[in-house]
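# Topology and contacts: notes
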Amino acid sequence: MKLRFLLAKDLLLLRRTPSIAILLALYPALVAVLIGLAVGRPPAKPRVAIVNQVPADERILDVGGKKFDLDKLIESLYKNVDAVDVKDRAAAVEQVQSGDAVAAVVIPKDIVDQLESPLAQGKIEAIFDASDPVRKSYVETTIKGLLVDTNAELTRRFSGVALDYMDLIVDGGSIRIGGRTVELMGLEGGEKLLPKILPYIPAQQRAEVAKLAESFRLARVGSQYSDELLNRVGEPIKLTEKPIGTSSSLPSLAVAVAVCVSAMFVALLLGAGMLAYEQEDQMLQRLLRGLVKRRTIVNEKILLAGLCALVVGTVMVVAFGFFIDIRWQRAWAWWPAVIGASVAFGAAGVAIGAVSGDVRAASLASFMLGLPLAAAALVPEGAIADSMYSLLQAINSLFPFKPALELVRAGLTPGRDALVPSLHLLVLIFAYGLLANFAVKRRAGA
Amino acid sequence: MPVLEGRELVRTYGDLTALAGATFAVEAGEVVAVAGPNGSGKTTLLSILAGVQSPDGGEIDMHGSRLGWVPQRAAVYGKLTVRENLKLFARLEGVGDPAAAADAMLGRIALADRADTRAEELSGGMRQRLSIGVGLISDPTILLLDEPTAALDPLQRERLWELLTSLAEHGITILFSTHAANEVEAHATRVLLLDAGTLVYDGAPMSLGHVPGRHFEAAFVDFIRTRRDEDL
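Note that the coordinates shown come from a computational prediction; the quantities given were computed from them, not determined experimentally.

### Observations regarding unusual backbone geometry
All names here are of chain B. A positive phi angle, near 55°, is found at His-63, a position not held by glycine. Mapped onto the secondary structure, His-63 falls in the loop between β4 (57–61) and β5 (67–70). Phi angles above zero are rare outside glycine, and Glu-147 is one such case at about 45°. Within the secondary structure, Glu-147 sits in the loop between β6 (142–146) and α5 (154–169).

This is how it looks when you write it as structure tokens:
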């Protein structure tokens, strides 16, 4: 009953502090809109300047008598980027230096000769700004990605030419060599011809001719595998993806992160601030001299912070629904997850407020602890040294962000484990509650 | 017949002895000043009597009295109105009809015309009267006040003492801490004088080495100085 009176009083206090109320309403809406727009729309293509130095009337490639349009061959260069054609190399460099383009690709004038030559390898030039290591890595990956597609296309076309040659060897036909057209019999023609001329061959040499005919046959049969073999040359290793665990879409991860970050800050700041506020002006002493039990104050503040964080978290999920596909039918799973996360953050906030003692220190401590701990929980395995990752894991286990994130993700995505993070949060709620009780006892000087 | 007794009350904070075995009794209807220089143990004694702190030694006998406590700072919620503050504490005290108790208290502390004003908008004196109202809301027989006039100007102080005197006239026993000798002289019927945690005097203020025509504060200071010299 007394908890209800205190809760009503605190909600009235919040209502009468418009700046906090507005912040609590606007903050999650703003975060949801920003993240929603970011994950709900396809990522922008990187802008790449392309200089094609080959004159327009010389963009025909002749490989093995087959003619290819160079523009078609390099079409994939344009496919995955926001390509902008520039007139020369200097203009391309200027685009990169000014930041208008992340990179420039220069297709040299002699690329046609290089590709037609059986001895040379085609070369194109990539220009990018290496002063920012993060951007450099991104641009390198982008350019390599572009060339993978272009090379695959060239391999497919060149393999086709090679297969045409194989067909000529097997089936026979005409080929132009040194400006003359030459007729080839082919393995199949030879195989058919040899039995016919066998009676005219002296008896002691017939066995040799029969061996030759058999060789023709075996070569023809063997050539049937050339199609497959050439395909293998083009792609010697084919990657078969076998993901394990429950797949979780990027938007659902983004929702979980946004909900947890928002709920965390609201609950930490409110839990810490409201308990610290209670300690100012000897209010805590007044309440604790028999009016209210210590644990009632602690539980009420956890409930208050959890309640506000729950409202914020729920509003965020609903707001995300305008941008991405939320599984509303799983509300029975994600809403309790948001409740658990909110209460756990509230307990952590109240403990911070109890230890800090005054509102300013409590608010500062909430930010200083919340921000790095949330960031630490988002570091993926393998991104840092094993020992450092183990240390982060140990730290993460003491703070509710990581289990809260896992629980909310489990709520949003079917098949993910919810039991372990739930138990983890329960332990943390209990531990932070105890810590807050102990700190309040010390503060009250009892 | 005492309404409140403290026997051998001890409280320490680490190596510091805040209260070193204070023994005293308070009679019904008395206005008792707990006086002494800063750091003498006045707040500690009142906090122990109020139940805010536990003593490390000794015992308290309340003789069935109900205690109200007014801390040094006006511990009220600034964003709540005067009436809401009184009603909240009436509810927390378990008063039968909190709204009626709050309305009655508004008259007693002379804040009826400010009932719907937020506490943060009140003057220091009014806020202190509200804090006393909160201390009185459970209808106590003894009211403990920790330096109630410390942050008030002379006019507000006078107004507050009018209220406290009226409470005493209505039979409420009052214990207040102060380091202002003039308040002891003007308002207390008895003084408990503390120095460095030790109760060094328990009696009428006028018997504290007071010579007619001499300023009371001088007698007050002389008494403590003399006692300290004797100890040396």
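### Some points on the pairing of strand β1 (residues 2–13) of chain B
All names here are of chain B. The pairing of β1 with strand β2 (residues 16–27) spans nine bridges and is classified as antiparallel. Looking at β2, one finds that Gly-6 is bridged to Phe-24. Two successive antiparallel strands, β1 and β2, enclose a turn made up of two residues, where Gly-14 displays a positive phi of approximately 65°. When β1 meets β4, the two strands line up antiparallel, connected through four bridges. From the neighbouring strand, Val-10 faces β4, where its bridge partner is Gly-57.

### Observations concerning the sheet that holds β6 of chain B
Residues and elements named next belong to chain B. The six strands are arranged β5-β6-β7-β3-β8-β9 in an open sheet whose pairing can be described as mixed. The open sheet has two free edges, formed respectively by β5 and β9 (198–203), since each of these has just one partner strand. Direction aside, neighbouring strands of the sheet carry axes that sit 15° apart on average. As paired elements, β5 and β6 share four bridges and run parallel to each other. Bridged to Trp-69 within β6 is Leu-144. On top of the sheet, helix α4 (residues 124–136) reaches β5 and β6; it is set at about 160° to β5, its chief contact.

### Focus: the state of the cysteines
Residues and elements named next belong to chain A. Evaluation of the coordinates by the stated rule reveals zero disulfides over all chains. Left without a disulfide partner, Cys-260 is nearest to the cysteine sulfur of Cys-308, which lies 17 Å away. Take Cys-260: its relative accessible area is 1%, and that puts it in the buried class.

### Some thoughts on the domain arrangement of chain B
All names here are of chain B. Assigned domains within chain B: domain 1 (2–65 + 141–231) and domain 2 (73–139). Roughly 940 Å² is buried in total at the junction of domain 1 and domain 2, and carbon and sulfur atoms are behind 68% of that figure. Taken as a group, Leu-143, Arg-159 and Leu-163 account for 40% of the area that domain 1 buries against domain 2, more than any other trio of residues on that side. Linking domain 1 with domain 2 are one residue pair in polar contact (both at pLDDT 80 or more), by the criterion used here.

### Notes on the domain arrangement of chain A
Domain assignment breaks chain A into domain 1 (2–40 + 249–444) and domain 2 (47–169). One C-alpha centre belongs to domain 1 of chain A, the other to domain 2 of chain A; they are set 52 Å apart.

### Let's talk about the side chain of Asp-195 of chain B
Topologically, Asp-195 of chain B is positioned in strand β8 (residues 190–195). If we ignore the near neighbours within four places in the chain, the residues touching Asp-195 of chain B are Pro-37, Ser-40, Val-200, Ile-224, Arg-227 and Arg-228 of chain B.

### Quick word on the interface of chain A and chain B
With 22 residues of chain A at the interface, the matching set in chain B holds 30 residues. Buried surface at the junction of chain A and chain B, both sides included, amounts to about 2,400 Å², of which 59% is carbon and sulfur. Ionic pairing is found between Glu-84 of chain B and Arg-16 of chain A, a salt bridge with its closest N-O pair at 2.6 Å. Broken down by secondary-structure element, the contributors of at least two residues to the side of chain A that touches chain B are α1 (2–15), α11 (250–279) and α12 (283–288) of chain A. Among the residues forming the side of chain A that touches chain B, the class breakdown is eleven nonpolar, four polar and seven charged.

### Quick notes on the pattern of salt bridges
Any two side chains of opposite charge can pair, given that their charged atoms come close. All names here are of chain A. On inspection of all chains with the given rule, the structure shows 23 salt bridges over all chains. Measuring nitrogen to oxygen at the nearest pair gives 2.9 Å for the salt bridge that ties Lys-301 to Glu-300. Its relative accessible area of 1% is what places Lys-301 among the buried residues. What makes Glu-300 buried here is its relative accessible area of 0%. Put simply, Lys-9, Asp-10, Glu-278, Glu-300 and Lys-301 are held in one network by salt bridges that share partners.

### Quick look at the environment of Leu-398 of chain A
Residue and element names in this part refer to chain A. As for its position among the elements, Leu-398 is in the loop between α16 (386–396) and α17 (401–412). Sequence separation of Leu-398 and Ile-124 is 274 residues, and the distance between their C-alpha atoms is 53 Å. Among all residues touching Leu-398, those that are not within four sequence positions of it are Leu-428 and Tyr-432.

### Side note on the sheet that holds β2 of chain B
Residues and elements named next belong to chain B. Spatially, three strands are ordered β2-β1-β4 in an open sheet, and the strand pairing comes out antiparallel. A strand with exactly one partner marks an edge of an open sheet, and here the two such strands are β2 and β4. Strand-to-strand, the axes of this sheet are offset by a mean angle of 10°, without reference to chain direction.

### A few points about the pairing of strand β5 (residues 103–107) of chain A
All names here are of chain A. Extensive coverage of β5 is indicated by the burial of five of its five residues. Side-chain alternation along β5 places Ala-103, Val-105 and Ile-107 on one buried face and Ala-104 and Val-106 on a second face that is also buried. Examined bridge by bridge, strand β1 (residues 47–52) and β5 share five bridges and lie parallel to one another. Counterpart to Ala-49 in the pairing with β5 is Ala-104. Relative to strand β6 (residues 125–128), β5 is paired through four bridges, and the arrangement is antiparallel. By the bridge assignment for β6, Ala-104 is matched with Ile-127.

### Some words on empty space enclosed by the protein
Applying the stated criterion across every chain yields a total of one cavity of 30 Å³ or more. Estimates place the volume of the largest cavity at around 60 Å³. Arg-286, Arg-289 and Leu-291 of chain A together with Leu-67, Gly-68, Trp-69, Phe-89, Glu-93, Val-134, Gly-135 and Ser-138 of chain B are the residues that line the largest cavity. Of all elements in the fold, only β5 and α4 of chain B reach the threshold of two or more residues within the lining of the largest cavity.

Criteria and cut-off values
Residues numbered from 1 in each chain as written. Chains lettered and ligands numbered in written order. Predicted model: local features only at pLDDT ≥ 70, side-chain atom pairs only at ≥ 80, totals over all residues. Heavy atoms only, no water. Helix = DSSP H or I, 4+ residues; strand = E, 2+ residues; numbered from the N terminus. Pairing = 2+ DSSP bridges. Axes fitted to C-alpha atoms, helices over the stretch in contact; angles between N-to-C directions. Contact = heavy atoms within 4.5 Å. Disulfide = S-S within 2.5 Å. Buried < 20%, exposed > 50% of the residue type's maximum accessible area, 1.4 Å probe, protein only. Domains from an automatic or database assignment. Buried area = accessible area lost by both parts, 1.4 Å probe. Polar contact = N/O pair within 3.5 Å; in protein donor to acceptor, adjacent residues only side chain to side chain. Salt bridge = Lys/Arg side-chain N within 4 Å of Asp/Glu carboxyl O. Nonpolar A, V, L, I, M, F, W, Y, C, P; charged D, E, K, R; others polar. 1 Å grid on protein atoms, 1.4 Å probe; cavity = no way out; pocket = protein on both sides within 12 Å on 5 of 7 lines; lining within 4 Å. Points joined across faces, edges and corners; volume = space filled by probe spheres on them.

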